[in-house]
Amino acid sequence: MRHYLAVLVPNDDGGWRVHLPDFPGCRAEAPTVEAAIDASGYAAAKQARQLRAHGLCLPTPQTYEEVRHFSNGWAAQRNVDWSKAVVSLVRLCVDADEMGPQP
């Protein structure tokens, strides 16, 4: 089992947009924080299945510090205002064979 960060950003017109920094291009939207967290789990699982279907290993989860402070412009490119963002962990259940080599 791995835990990935989900960064929830409020939409201007209500609701929440979810970004998963470890899964580029993977995002979700929902009307509430709770629903957005649930949606992030489904989005991460779907992305993980697609990676495995193409014979790729799951990414190594980044830490909060890596995403927040040491990112390569990830947050700036998505206009993440950290004073309004909510960060949650998404649990992704996979067996050892699906995870690929361990760091």
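Conventions used here
- Residues numbered from 1 in each chain as written.
- Predicted model: local features only at pLDDT ≥ 70, side-chain atom pairs only at ≥ 80, totals over all residues.
- Heavy atoms only, no water.
- Helix = DSSP H or I, 4+ residues; strand = E, 2+ residues; numbered from the N terminus.
- Polar contact = N/O pair within 3.5 Å; in protein donor to acceptor, adjacent residues only side chain to side chain.
- Pairing = 2+ DSSP bridges.
- Axes fitted to C-alpha atoms, helices over the stretch in contact; angles between N-to-C directions.
- Contact = heavy atoms within 4.5 Å.
- Core = buried A, V, L, I, M, F, W, Y, C linked by side-chain atoms within 4.5 Å.
- Buried < 20%, exposed > 50% of the residue type's maximum accessible area, 1.4 Å probe, protein only.

Topic: the side chain of histidine 19
Along the chain, the position of histidine 19 falls in strand β2 (residues 16-19). Among the polar contacts made by the side chain of histidine 19, one reaches the side chain of arginine 17 at a distance of 2.9 Å.

Quick notes on the sheet that holds strand β3 (residues 27-30)
A sheet is described by the order of its strands in space; here four strands give the open sequence β3-β2-β1-β4, paired in antiparallel fashion. Looking along the sheet, the strands with just one partner apiece sit at the ends: β3 and β4 (86-92). Neighbour to neighbour, the strand axes of the sheet diverge by 30 degrees on average, direction disregarded. Bridging between β2 and β3 involves four bridges; their strand directions are antiparallel. Residue histidine 19 lies in a different strand from β3, and its bridge partner there is arginine 27. Along the sheet, helix α1 (residues 33-53) contacts β1 (2-10), β2, β3 and β4; its crossing angle with β4, the most-contacted strand, is approximately 45 degrees.

Brief notes about the nonpolar core
Counting residues in each nonpolar core, the largest one holds 19 residues, and the members touching the most others are Leu20 and Phe23. Secondary structure elements with two or more residues in this core: β1, β2, β3, α1 and β4. With six residues, α1 is the single largest residue contributor to this core. In contact with phenylalanine 23, not counting residues within four places along its chain, are Tyr4, Ala44, Gln47, Ala48, Leu51, Pro59 and Leu92. In this structure, Val7, Trp74, Ala75 and Val80 belong to the second largest nonpolar core, which totals nine residues.

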